[in-house]
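Per-entry structural report
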Amino acid sequence: MIRLSFLDFELEAHPACDEDYLEIYDKTDQLKRIGKYCGSRYPSFVMSTGNKKVVIFKSNNKAIRTGFKAFYKSLKGKASEVSHCHFSLLDRENFHVPL
């Protein structure tokens, strides 16, 4: 399992999150969307059901915000930590980041 936690989050706000957004998927045999987040509304953490997660960050040049900073923990069984890594994605391009 993968636990993705957010330290900072500020993207362009939009009612349908169609401008700048972070979209998170659980990847098993198929992709299952966990959520789509924009503005300053986001969960404190997101868990996957397996060992793969897909994170898509989409941004445009209409508004400048600080972006987001997150980290993930790879968990095995009952939350015994296997590895730990920090990352920041603040670029204004499209990203597909498989975890």
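Relevant structure appears above.
Cut-offs used in this document
- Here the residue index of a chain counts from 1 through its sequence in written order.
- Confidence filtering applies because this is a predicted model: local features only for residues at pLDDT of at least 70, side-chain atom pairs given and counted only at 80 or more, and all residues used for totals across whole chains, interfaces and linings.
- Hydrogens and waters are ignored; side-chain quantities use all the structure's heavy atoms.
- When a carboxyl oxygen of Asp or Glu is within 4 Å of a side-chain nitrogen of Lys or Arg, the pair counts as a salt bridge.
- Strands here are runs of E lasting at least two residues and helices are runs of H or I lasting at least four, both read from the DSSP assignment and numbered beginning at the N terminus.
- Each residue's exposure class comes from its accessible area (1.4 Å probe, protein chains only) as a fraction of the maximum for that residue type: buried when under 20%, exposed when over 50%, partly exposed otherwise.
- Counting rule for disulfides: a pair of cysteine sulfur atoms within 2.5 Å.

Considering the pattern of salt bridges
Across all of its chains, the model carries three salt bridges by this definition. A salt bridge links Asp 18 to Lys 36, with the shortest nitrogen-to-oxygen separation between them at 3.8 Å. Within this pair, whereas Asp 18 is found in the loop between β1 (2-10) and β2 (21-27), its partner Lys 36 is found in strand β3 (residues 31-37), the two being separated by 18 residues in sequence. Relative accessible area serves as the criterion here: at 26%, Lys 36 is assigned to the partly exposed category.

Considering the state of the cysteines
For the structure shown, the criterion picks out one disulfide. Across the disulfide, Cys 17 is cross-linked to Cys 38 (sulfur-sulfur distance 2.2 Å). For the disulfide bridge between Cys 17 and Cys 38, the dihedral angle about the S-S bond is near -75°, and by the sign convention the bridge is left-handed. Of the two residues, Cys 17 sits in the loop between β1 and β2 while Cys 38 sits in the loop between β3 and β4 (45-47), which places them 21 residues apart along the sequence. An identical accessibility class is assigned to Cys 17 and Cys 38; each is buried.

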